[in-house]
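# Architecture at a glance
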Amino acid sequence: MKSAFFNLFIFITIFSISISCDSKTELPLTAHPDSGSWPALFESDLSNAIYPDSVWSFENGEFTATEDQFLWTEQEYDNFIVDLEFKNADGTNSGVVVYCSDLDDWIPNSVEIQIADDYNEKWANSPKSWQCGAIFGRKPATKSAVKKPGAWNRYTITCRDNMIYVLLNGEQVNHIDLSKFTDAQVNPDGSKAPSWLSKAPASLPTVGKIGFQGKHAGAPVYFRNIRIKEIE
């Protein structure tokens, strides 16, 4: 009787561990998630956002800006998946910023996942780490997967501690281990980072606000269906 009870206990324990493990998100994601039930990152009235007056608007389910100003979350996020759609105009240069710890000096105190119109001559001829899907200034995307201006693109960005994974239009285009980027100006592959990225990514906190860049370089960008899932 004792043996049977012990075996039952072992079975329940193993089953519970299995269920617990299955509930964790396995990374990297191999496809865009079914995020329809996830909470929206921003309220439609932007009541949970930080942004300058009369710059950002939300109409017909789309966020856009009239100036090069950011839309920031009030909340800080640690480990999370943010799923969204964006649409470029001709010449768009924008980005999704994560782990921002200083809104007044965001450039060296955050990590930017680049959005760009790679079909535009200016950005097509720019450094690869400035093109769409790149970790800006640090690591280029493995391929160009962005659509032409006017079409909607899908980004799924996963941030867990030092690891950031990027899915763009169903393609795994980038991942980065921030702990390996210990020099502010020279990346592990020997490439030079822009001078304004004055802090080593390995030194940055892996918690902070999430931001979306507005109308930069004279071209607008549009966002919709921005949803988030916090993970362990």
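Above this text sits the structure in question.
Summary of the structure given here.

Rules used in this analysis
Residues numbered from 1 in each chain as written. Predicted model: local features only at pLDDT ≥ 70, side-chain atom pairs only at ≥ 80, totals over all residues. Heavy atoms only, no water. Helix = DSSP H or I, 4+ residues; strand = E, 2+ residues; numbered from the N terminus. Buried < 20%, exposed > 50% of the residue type's maximum accessible area, 1.4 Å probe, protein only. Contact = heavy atoms within 4.5 Å. Areas by Shrake-Rupley, 256 points an atom, 1.4 Å probe, with all protein chains shown as cover. Polar contact = N/O pair within 3.5 Å; in protein donor to acceptor, adjacent residues only side chain to side chain. Core = buried A, V, L, I, M, F, W, Y, C linked by side-chain atoms within 4.5 Å. Pairing = 2+ DSSP bridges. Axes fitted to C-alpha atoms, helices over the stretch in contact; angles between N-to-C directions. Phe/Tyr/Trp six-rings, centres within 6.5 Å; stacked < 30°, edge-to-face > 60°. Lys NZ or Arg CZ within 6 Å of the ring centre and 35° of its normal.

Time to look at the overall build of the protein. Broken down by element type, the protein carries two helices and twelve strands. Mapped in sequence order, the helices and strands of the protein form the string α-β-β-β-β-β-β-β-α-β-β-β-β-β. In the protein, which comprises 232 residues, the share counted as buried stands at 46%. Taking as baseline every contact in the protein between residues at least 6 positions apart, the subset at least 24 positions apart corresponds to 66%. Of the roughly 11700 Å² of accessible surface on the protein, 51% is carried by carbon and sulfur atoms.

When you line up the elements, Asn174 lands in strand E10 (residues 171-177). A distance of 3.0 Å separates a polar side-chain atom of Asn174 from the backbone oxygen of Gly133. Setting aside residues no more than four positions away along its own chain, Asn174 makes contact with Gly133, Ala134, Ile135, Lys139, Pro140, Ala141, Ile164, Tyr165 and Val166.

Core analysis: the biggest nonpolar cluster contains 42 residues, and Tyr155, Ile164, Phe212 and Phe223 have the highest contact counts within it. Setting aside residues no more than four positions away along its own chain, Ile164 makes contact with Val98, Tyr99, Val111, Ile135, Ile157, Thr158, Cys159, Asn174, His175, Ile176 and Leu178.

Attention now goes to the sheet that holds strand E5 (residues 80-88). What links the strands of a sheet is backbone hydrogen bonding, and the strands pair in either a parallel or an antiparallel sense. The seven strands lie next to each other as E2-E3-E12-E5-E8-E9-E10, forming an open sheet whose pairing is antiparallel. Where the open sheet ends on each side, the last strands, each with one partner, are strand E2 (56-59) and E10. The average angle at which neighbouring strand axes cross in this sheet is 25°, direction not considered. Examined bridge by bridge, strand E3 (residues 62-65) and strand E12 (residues 221-230) share three bridges and lie antiparallel to one another. Residue pairing in the sheet places Glu62 in a bridge with Arg224 of E12.

What follows deals with unusual backbone geometry. Trans peptide bonds make up the majority, and among non-glycine residues the majority have a negative phi. With an omega of 0°, the peptide bond between Leu27 and Pro28 qualifies as cis. As for its position among the elements, Pro28 is in the loop between helix H1 (2-22) and strand E1 (49-50). The phi angle at Asn169 is positive, at roughly 50°, despite the residue not being glycine. Inspection of the secondary structure assignment puts Asn169 in the loop between strand E9 (163-168) and E10.

On to the environment of Asn174, then. Its relative accessible area of 6% is what places Asn174 among the buried residues. Separated by 31 residues in the primary sequence, Asn174 and Lys143 place their C-alpha atoms 8.7 Å from one another. Of note is the side chain of Asn174, whose polar atom sits 3.2 Å from the backbone oxygen of Pro140.

Once that is clear, we can look at the pairing of E12. As judged from the eight bridges shared by E5 and E12, these two strands associate in the antiparallel manner. Each residue of the ladder has a partner; that of Asp83, found in E12, is Arg227.

With respect to the helices, strands and loops of the structure, Asn88 is situated in strand E5. Along the chain, Asn88 and Pro149 lie 61 residues apart, while their C-alpha atoms are 4.8 Å from each other. A distance of 3.2 Å separates a polar side-chain atom of Asn88 from the backbone oxygen of Ala116.

The strand order across the open sheet formed by five strands is E1-E4-E11-E6-E7, and the pairing between neighbours is antiparallel. Whereas interior strands pair on both sides, the edge strands pair on one side only; in this sheet they are E1 and strand E7 (111-116). For strand E4 (residues 71-73) and strand E11 (residues 209-212), the ladder comprises two bridges, and the chain directions are antiparallel. If you follow Trp72 over to E11, its bridge partner there is Gly211.

Bringing the packing of aromatic side chains into the picture now. Taken as a whole and assessed by the stated rule, the structure comprises 13 aromatic pairs. Aromatic pair Trp130 and Phe136: ring centres 5.4 Å apart, planes at 45°, arrangement tilted. According to the relative accessible area criterion, Trp130 is partly exposed, its value standing at 23%. When its relative accessible area of 13% is taken as the criterion, Phe136 is described as buried. An aromatic cluster is present here, built from Phe42, Trp56, Phe58, Phe63, Phe212 and Phe223 joined pairwise through their rings. Sitting over the ring of Trp152, Arg224 keeps its end group 4.0 Å from the ring centre.

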